[in-house]
Amino acid sequence: MSFTRTLLLATALCAATTAGRAADEPDLARGAAVTVIAAAKQCFADTVDVAGLLLPREEVSIRPDRPGMKVAEVMVDAGENVTAGQILARLTSPEGGSVQIQATVAGLVSASSAVVGTIASGKGEALFSIISRSEFDFIGQVPTRDLPKLKANQTVKIKVIGTGELDAKVRRVASSVEPNSQLGQVVVSLNAARRLMTNSYARATIKTGESCGIALPLTAILYSSGGTVVQVVRRHRIETRRVEVGLMATGRVEIREGLNEGDIVVARAGALLREGDPVRPVTSSADKQ
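Residues numbered from 1 in each chain as written. Predicted model: local features only at pLDDT ≥ 70, side-chain atom pairs only at ≥ 80, totals over all residues. Heavy atoms only, no water.

The protein is annotated in an unreviewed UniProt entry as HlyD family efflux transporter periplasmic adaptor subunit from Tardiphaga alba.

Laid out in structure tokens, this is it:
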């Protein structure tokens, strides 16, 4: 075989190999540029959301020991915090004697009927009502399906209108439900230095557990007639992958099945991309940080 013939054969083989490789790879010039993100691990809190009211944990009524006493002086008003033994009011007896009414517990004075000149009774309306230690409970109603998830000492975040967010703990969970509504009661203990109002409306988020696994932004998820899917990029082509989603938080969703850590996924999935389409992946700015 001559040198020229050998050279021509080698050139033909090289061209065939190159053509075969080009056939296996997409034409990147024709592929659409898509932003991609790597599937990464993240932990999600499993929570139960509950609506309810703030009620005093223990409220103490203060009355005089004997009838016929007249209010001579009032030292505190509703809304003030008092200490145990603090003088709340001074009363006078029909005989002209003077009696001091003292707080039996420390706490927040929630109500007062004491008015100078009025008669105080040992059996009628209390002169003062004190929320012992200024402690409140959040009382919420929980659907039957969520009750088994709740137990004492679980962490709670409570949002109260006009007060903000408070840290709390589950104190008690009902062992039965109301037959008509099928709701069960949960009692949450509040530990707040801020002043709270009886019967205030609040919302509680109770953390019942945590799940850690693969996560993606919600924008990467497509809901189709065939189920929930994501668009994975492999060898510069779109591959539609069916996934099972779980918990959601802060714009991201847990992927329980269908993806592995590090899989490259279209960050904003769309119907314009089809199975097998060639693409030019561009790394998301979130992935570069």
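Enquirer: With reference to specific residues and values, describe the layout of surface pockets.
Expert: Computed from the structure, the largest pocket encloses a volume of approximately 180 Å³. Taken together, Ser-61, Ile-62, Arg-63, Pro-64, Asp-65, Arg-66, Met-69, Val-99, Gln-100, Ile-101, Gln-102 and Thr-104 make up the full set of residues lining the largest pocket. Residues of the lining of the largest pocket, tallied by class, amount to five nonpolar, four polar and three charged. (1 Å grid on protein atoms, 1.4 Å probe; cavity = no way out; pocket = protein on both sides within 12 Å on 5 of 7 lines; lining within 4 Å. Points joined across faces, edges and corners; volume = space filled by probe spheres on them. Nonpolar A, V, L, I, M, F, W, Y, C, P; charged D, E, K, R; others polar.)

Enquirer: Which residues make up the environment of Leu-166, and what values go with them?
Expert: By the element assignment, Leu-166 lies in strand S13 (residues 164-173). Owing to a relative accessible area of 4%, Leu-166 belongs among the buried residues under this scheme. Measuring from C-alpha to C-alpha, the distance between Leu-166 and Ala-204 comes to 9.3 Å, with 38 residues separating the pair along the chain. (Helix = DSSP H or I, 4+ residues; strand = E, 2+ residues; numbered from the N terminus. Buried < 20%, exposed > 50% of the residue type's maximum accessible area, 1.4 Å probe, protein only.)

Enquirer: Any details on the sheet that holds strand S10 (residues 128-132)? Residues and values, ideally.
Expert: Taken together, four strands build an open sheet; the order of strands is S3-S10-S8-S5 and the sheet is antiparallel. Each of the sheet's edge strands pairs with one partner strand only, and the pair in question is strand S3 (59-62) and strand S5 (81-82). Judged from the five bridges that link them, strand S8 (residues 107-112) and S10 form a sheet pairing that is antiparallel. Of the residues in S10, the one forming a bridge with Gly-107 is Ser-132. (Pairing = 2+ DSSP bridges.)

Enquirer: Lay out the nonpolar core with the relevant residues and their values.
Expert: Across soluble globular proteins, nonpolar side chains have a tendency to be buried as a group. If you look at the biggest cluster of nonpolar residues, it comprises 23 residues, and the most contacted ones within it are Leu-54, Phe-138, Val-156, Ile-158, Val-186, Val-188 and Leu-190. Listing elements by their share of this core, those giving two or more residues are strand S2 (40-56), strand S11 (136-143), strand S12 (155-160), S13, strand S14 (183-190) and strand S15 (201-217). When near neighbours in sequence (up to four residues on either side) are disregarded, Leu-54 contacts Phe-136, Asp-137, Phe-138, Val-160, Leu-190, Leu-196, Met-197, Thr-198, Asn-199, Ser-200 and Ala-202. The next biggest cluster of nonpolar side chains, apart from the first, holds 18 residues, and it includes Val-60, Met-69, Ala-89 and Ile-130. (Core = buried A, V, L, I, M, F, W, Y, C linked by side-chain atoms within 4.5 Å. Contact = heavy atoms within 4.5 Å.)

Enquirer: An account of the confidence of the model for the protein is requested, with residue identities and associated values reported.
Expert: Looking at the protein as a whole, the pLDDT averages 86, with 87% of positions reaching at least 70. For the protein, the element scoring lowest by mean pLDDT is helix H1 (residues 3-24), at 42; strand S6 (residues 87-92) scores highest, at 96. In the predicted structure, residues 1-24 sits below a pLDDT of 50 and forms one contact with residues beyond four places in sequence or in another chain. (pLDDT = per-residue confidence, 0-100.)

Enquirer: Now, about the sheet that holds strand S4 (residues 69-74): what can you tell me, with residues and values included?
Expert: One open sheet holds the four strands; their spatial order is S7-S6-S4-S9, and the pairing between them is antiparallel. Only two strands of the sheet have a single partner each, and these edge strands are strand S7 (98-102) and strand S9 (119-120). When S4 meets S9, the two strands line up antiparallel, connected through two bridges. Of the residues in S9, the one forming a bridge with Lys-70 is Ile-119.

Enquirer: Mind laying out the state of the cysteines, listing which residues take part and the relevant values?
Expert: In protein chemistry, a disulfide is the covalent bond that joins the sulfur atoms of two cysteines. Tallying each qualifying case throughout the model produces one disulfide. Disulfide pairing places Cys-43 opposite Cys-212 at an S-S distance of 1.9 Å. In this structure the cystine formed by Cys-43 and Cys-212 twists about its S-S bond by roughly 105°; its chirality is therefore right-handed. In this pair, Cys-43 is assigned in strand S2 and Cys-212 in strand S15, connecting sequence segments 169 residues apart. For Cys-43, a relative accessible area of 41% gives the class partly exposed. (Disulfide = S-S within 2.5 Å.)

Enquirer: Kindly report on the pattern of salt bridges, identifying the contributing residues and their values.
Expert: Evaluated as defined, the whole model comprises 14 salt bridges. The closest approach of N and O atoms between Arg-57 and Asp-137, which form a salt bridge, is 3.1 Å. In this pair, Arg-57 sits in the loop between S2 and S3 while Asp-137 sits in strand S11, placing the two residues 80 residues apart along the sequence. Given a relative accessible area of 29%, Arg-57 falls into the partly exposed group. Between Glu-58 and Arg-133 there is a salt bridge whose closest N-O contact spans 3.5 Å. Here Glu-58, found in the loop between S2 and S3, pairs with Arg-133, found in the loop between S10 and S11; they are 75 residues apart in sequence, far enough to count as distant. Taken together, the shared-partner salt bridges connect Arg-57, Glu-58, Arg-133, Glu-135, Asp-137 and Arg-171 into one network. (Salt bridge = Lys/Arg side-chain N within 4 Å of Asp/Glu carboxyl O.)

Enquirer: Can you tell me about a nonpolar patch on the surface, naming the residues and giving the values?
Expert: Where nonpolar side chains cluster on the molecular surface, the patch consists of Leu-53, Ile-161 and Tyr-201 and spans about 320 Å² of accessible area. According to the relative accessible area criterion, Ile-161 is exposed, its value standing at 72%. (Patch = residues over 30% accessible without salt bridge, like charges linked within 9 Å, V, L, I, M, F, W, Y side chains within 5 Å. Areas by Shrake-Rupley, 256 points an atom, 1.4 Å probe, with all protein chains shown as cover.)

Enquirer: Tell me about unusual backbone geometry, residues and numbers included.
Expert: Despite not being glycine, Asn-153 has its phi angle at roughly 75°, a positive value. Inspection of the secondary structure puts Asn-153 in the loop between S11 and S12. Residue classification places Asn-153 among the exposed residues on the basis of a relative accessible area of 58%. Phi is positive for Arg-235, which is not a glycine, with a value near 55°. For Arg-235, the location among the structural elements is in the loop between strand S17 (227-234) and strand S18 (237-242). For Arg-235, a relative accessible area of 71% gives the class exposed.

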